[in-house]
Amino acid sequence: MTLTEPKNKSLTFISRHPPYGNDHAFACLDLVLASSVFEQDVNYLFMGDGVFQLLIDQQPDGIGSKNLVASLAALELYGVSNVFVDALSLQKRKLSVSDLAIQIKVLDAVQVETLVNEADLVFNL
Amino acid sequence: MNHLHTVNSSGQLSDCTRFLEDGDALLLIEDGVYSLVSDELNNLSESVTVYALHDDINARGLEKYAQDRSKTISYTEFIQLCCDHPKVINWF
């Protein structure tokens, strides 16, 4: 029996929840990191209230949570470089890239659509 | 006697505001504090007092969005508000 090398799949993760009210944001990040370990092509998109995960100056010690932004630093170590934020979601919340804690690529509506439509698998968290 | 309304998630404020009466208090907690980023609070009647919980604001990096419209309070003041109002309505 010959083993064929499995084809890499392109995975798009859409993170749409704010960071601390529930565990969606951390779960999505865990999935992104785990997928990258298995050498899949990962896209990580922040959209809707998910853009609140990126705000600068978060200090969640007071509510007994760990800082999500600190965990996002792991993305670089894991080689995840396709990290995006939806421009419309920022605009709707009157936020700009200067309000964000990490370097991130801003995608317009058409680019976001492409990211979702062209992925082999889409995870919505 | 007036009510205390607590809102704990983003996007819940619009349902709550329909029921706000003059003299009521509105308290933003947990993800409810993200309403500070919107201008929805400015549409509320002046007779509604708006509060937001300090630790939840701080956790989410929202200090600079704390508006004149809302008063930032501690957990102790949160408890006091609950004691001062005969009815607390939670918008979860």
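Residues numbered from 1 in each chain as written. Chains lettered and ligands numbered in written order. Predicted model: local features only at pLDDT ≥ 70, side-chain atom pairs only at ≥ 80, totals over all residues.

### As for the overall build of chain A
Then, number 1: Within chain A one finds five helices and five strands.
Then, number 2: Along the longest, intermediate and shortest principal axes, the C-alpha atoms of chain A span 55 × 35 × 20 Å.
Then, number 3: Scored against the burial criterion, the 125 residues of chain A give a buried share of 33%.
Then, number 4: Across chain A, the fraction of contacts at a sequence separation of at least 24, relative to all contacts at a separation of at least 6, is 75%. (Helix = DSSP H or I, 4+ residues; strand = E, 2+ residues; numbered from the N terminus. Buried ≥ 20, exposed ≤ 12 C-beta atoms within 10 Å, placed from the backbone. Contact = placed C-beta atoms within 7 Å.)

### Quick look at the overall build of chain B
Then, number 1: For chain B, the count of helices and strands is three helices and five strands.
Then, number 2: Listing the helices and strands of chain B from first to last along the sequence gives β-α-β-β-α-β-α-β.
Then, number 3: The C-alpha atoms of chain B give a radius of gyration of 12 Å, which matches the 12 Å a tight globule of 92 residues would have.
Then, number 4: Overall, the C-alpha framework of chain B stretches about 35 × 30 × 25 Å when taken along its three principal axes.
Then, number 5: Across the 92 residues of chain B, 37% fall into the buried class.
Then, number 6: Partitioning the intrachain contacts of chain B with sequence separation of at least 6 by distance along the chain shows that 52% fall at a separation of at least 24. (Rg over C-alpha atoms; globule rule 2.2 N^0.38 Å.)

### With respect to the interface of chain B and chain A
Note on interface size: it is often stated as the accessible area lost on association of the parts.
Then, number 1: Taken residue by residue, the interface counts 13 residues in chain B and 16 residues in chain A.
Then, number 2: Of the residues in the side of chain B that touches chain A, the class split is three nonpolar, four polar and six charged. (Nonpolar A, V, L, I, M, F, W, Y, C, P; charged D, E, K, R; others polar.)

### Here's the deal with the nonpolar core
Then, number 1: Ranked by size, the top nonpolar core spans 42 residues in total, and within it A:Phe13, A:Leu45, B:Leu28, B:Val33 and B:Leu36 carry the most contacts.
Then, number 2: Excluding residues within four positions of it along the chain, B:Leu36 makes contact with B:Leu28, B:Ala52, B:Leu62, B:Tyr65, B:Ala66, B:Gln67 and B:Ser70. (Core = buried A, V, L, I, M, F, W, Y, C linked by C-beta atoms within 7 Å.)

### Digging into the confidence of the model for chain A
Then, number 1: Overall, the prediction assigns chain A a mean pLDDT of 93, with 97% of residues at 70 or greater.
Then, number 2: Element-level mean pLDDT values for chain A span from 92 in strand 5 (residues 121–124) of chain A up to 98 in strand 3 (residues 83–86) of chain A. (pLDDT = per-residue confidence, 0-100.)

### As for the pairing of strand 3 (residues 49–53) of chain B
Residues and elements named next belong to chain B.
Then, number 1: Note: strand 2 (residues 25–28) against strand 3, four bridges, orientation parallel. Bridged to Leu-28 within strand 3 is Ala-52.
Then, number 2: Strand direction decides the pairing type here: strand 3 and strand 4 (residues 70–73), joined by four bridges, are parallel. Among the inter-strand pairings, Val-50 is bridged to a residue of strand 4, identified as Ser-70.
Then, number 3: For the segment spanning strand 3, helix 2 (residues 54–59) and strand 4, crossover handedness is right-handed. (Pairing = 2+ DSSP bridges. Right-handed = clockwise from strand over helix to strand, strands pointing away.)

### Description of the environment of A:Gln40
All names here are of chain A.
Then, number 1: The residue Gln-40 is located in the loop between helix 1 (24–37) and strand 2 (41–46) in this model.
Then, number 2: Overall, Gln-40 belongs to the partly exposed group, with 16 C-beta atoms counted inside 10 Å.
Then, number 3: Once the C-alpha coordinates of Gln-40 and Ser-10 are considered, the two residues, 30 residues apart in sequence, prove to be 6.3 Å apart.
Then, number 4: Residues contacting Gln-40, with those up to four places away along its chain left out, are Asn-8, Lys-9, Leu-11 and Ser-35.

### With respect to the sheet that holds strand 5 of chain A
Residue and element names in this part refer to chain A.
Then, number 1: Spatially, five strands are ordered 4-3-2-1-5 in an open sheet, and the strand pairing comes out parallel. The sheet terminates laterally at strand 4 (105–107) and strand 5, the two strands that pair on one side only. Each strand of the sheet is rotated relative to its neighbour by a mean of 25°, with strand direction disregarded.
Then, number 2: The sheet contact formed by strand 1 (residues 10–15) and strand 2 spans six bridges and is parallel. When the bridges of strand 2 are listed, Ser-15 appears paired with Phe-46.
Then, number 3: Along the sheet face, helix 1 touches strand 1, strand 2 and strand 5 and points at about 165° away from the line of strand 1. (Axes fitted to C-alpha atoms, helices over the stretch in contact; angles between N-to-C directions.)

### A word on the sheet that holds strand 3 of chain B
Residues and elements named next belong to chain B.
Then, number 1: Taken together, five strands build an open sheet; the order of strands is 4-3-2-1-5 and the sheet is parallel. Each having just a single partner strand, strand 4 and strand 5 (87–91) make up the two edges of the open sheet. On average, each strand axis in the sheet is inclined to that of its neighbour by 25°, with strand direction left out of account.
Then, number 2: Pairing geometry for strand 1 (residues 3–7) and strand 5, over five bridges, is parallel. Bridging across to strand 5, Thr-6 finds its partner in Asn-90.
Then, number 3: Sheet contacts for helix 3 (residues 75–84): strand 1, strand 2, strand 3, strand 4 and strand 5; angle to strand 2, the most-contacted strand, approximately 145°.

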